[in-house]
Amino acid sequence: MEIKPTESELEILQVIWKKGQCTVREVHDELAKNKDAGYTTTLKLMQIMHDKGMVERDTTSKTHVYKALFTMEQAQSNALDKILSTVFKGSTSDLVIQALGQHRASRDEIDAIKNFLNQFDQDKK
């Protein structure tokens, strides 16, 4: 399945991924902390996401409970693959150089990247 959530759908998914599963009210309350969104808009978006196969909903009780049908890692991987192939023409090094050149990585992030590269290099030997 190709994962192509919109920006608003990603905001909803972030809440669901964080909580594991939740009602429309729980998602709406979380989103309302940072943006002005109507409850019915959140409800409609979540219904659309269900129709698209992004979430499943348990309808056994009066209050429907939603759960994501893919992980955050799967969404990140899909988005990265698309960016890598379209924007960077498949060049991983260009993507990494651009990402590190445009944004200040913390010392911890740089150390994590170095550790990953060292492990990656060891696995290739």
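Residues numbered from 1 in each chain as written. Predicted model: local features only at pLDDT ≥ 70, side-chain atom pairs only at ≥ 80, totals over all residues. Heavy atoms only, no water.

Asks: What should I look at first to understand the overall build of the protein in this one?
Replies: Counting its secondary structure elements, the protein contains six helices and two strands. Shown N-terminal to C-terminal, the secondary structure of the protein runs as helices and strands in the order α-α-α-β-β-α-α-α. Since a compact globule built from 125 residues should have a radius of gyration of about 14 Å, the 18 Å found for the protein marks it as more spread out than a globular shape. Its C-alpha atoms put the protein at 55 × 30 × 25 Å along the principal axes. Counting only residues that meet the buried cut, the protein has 23% of its 125 residues in that class. When the accessible surface of the protein is totalled, it reaches about 9,200 Å², and 51% of it is carbon and sulfur. (Helix = DSSP H or I, 4+ residues; strand = E, 2+ residues; numbered from the N terminus. Rg over C-alpha atoms; globule rule 2.2 N^0.38 Å. Buried < 20%, exposed > 50% of the residue type's maximum accessible area, 1.4 Å probe, protein only. Areas by Shrake-Rupley, 256 points an atom, 1.4 Å probe, with all protein chains shown as cover.)

Asks: Is there a simple way to explain the pattern of salt bridges in this structure?
Replies: Once the charged atoms of two side chains with opposite charge are near each other, the side chains can pair. Applying the stated criterion across every chain, the model contains six salt bridges. In this structure, R25 engages D29 in a salt bridge whose closest nitrogen and oxygen atoms are separated by 3.6 Å. Remark: D29 and R25 occur in helix α2 (residues 24-32); sequence separation between them is four residues, near one turn of the helix. With a relative accessible area of 42%, R25 lands in the partly exposed category. On the basis of relative accessibility, which here comes to 39%, the residue D29 falls in the partly exposed class. Ionic pairing is found between K33 and E30, a salt bridge with its closest N-O pair at 3.2 Å. Overall, the relative accessible area of 60% leaves K33 in the exposed class. (Salt bridge = Lys/Arg side-chain N within 4 Å of Asp/Glu carboxyl O.)

Asks: How do you make sense of unusual backbone geometry when you look at a structure like this?
Replies: Only a minority of non-glycine residues have a phi that is not negative, and only a minority of peptide bonds are not trans. For K89, which is not glycine, the phi dihedral falls at a positive 50°. With respect to the helices, strands and loops of the structure, K89 is situated in the loop between α4 (72-86) and α5 (92-102).

Asks: Before we go on, may I ask you to explain the nonpolar core in this structure?
Replies: In summary, soluble globular proteins display a tendency toward joint burial of nonpolar side chains. In this structure, I12, L13, I16, V27, M46, V55 and F70 are the most contacted members of the largest nonpolar core, which totals 18 residues. The leading source of residues in this core is helix α1 (residues 7-19), at five residues. Discounting chain neighbours no more than four positions away, the residues touching V55 are L13, I16, M46, M49, H50, Y66, K67, A68 and L69. (Core = buried A, V, L, I, M, F, W, Y, C linked by side-chain atoms within 4.5 Å. Contact = heavy atoms within 4.5 Å.)

Asks: Whenever I open this one, the pairing of strand β2 (residues 65-68) confuses me. Can you help?
Replies: Each regular strand carries side chains that alternate between the two faces of the sheet. Of the two faces of β2, only one is covered, namely that formed by Y66 and A68; the face formed by V65 and K67 stays uncovered. If you look at the hairpin formed by strand β1 (residues 55-58) and β2, you'll find six residues sitting between the two strands. (Pairing = 2+ DSSP bridges.)

Asks: Honestly, a nonpolar patch on the surface in this entry has me stumped. Any pointers?
Replies: Residues V96, L100, I113, F116, L117 and F120 make up a contiguous nonpolar surface patch of about 550 Å² in total accessible area. Counting only elements with at least two residues in the nonpolar patch, the list comes to α5 and α6 (107-124). Residue contributions to the nonpolar patch peak at four residues, all from α6. Here I113 shows up in helix α6. When its relative accessible area of 34% is taken as the criterion, I113 is described as partly exposed. (Patch = residues over 30% accessible without salt bridge, like charges linked within 9 Å, V, L, I, M, F, W, Y side chains within 5 Å.)

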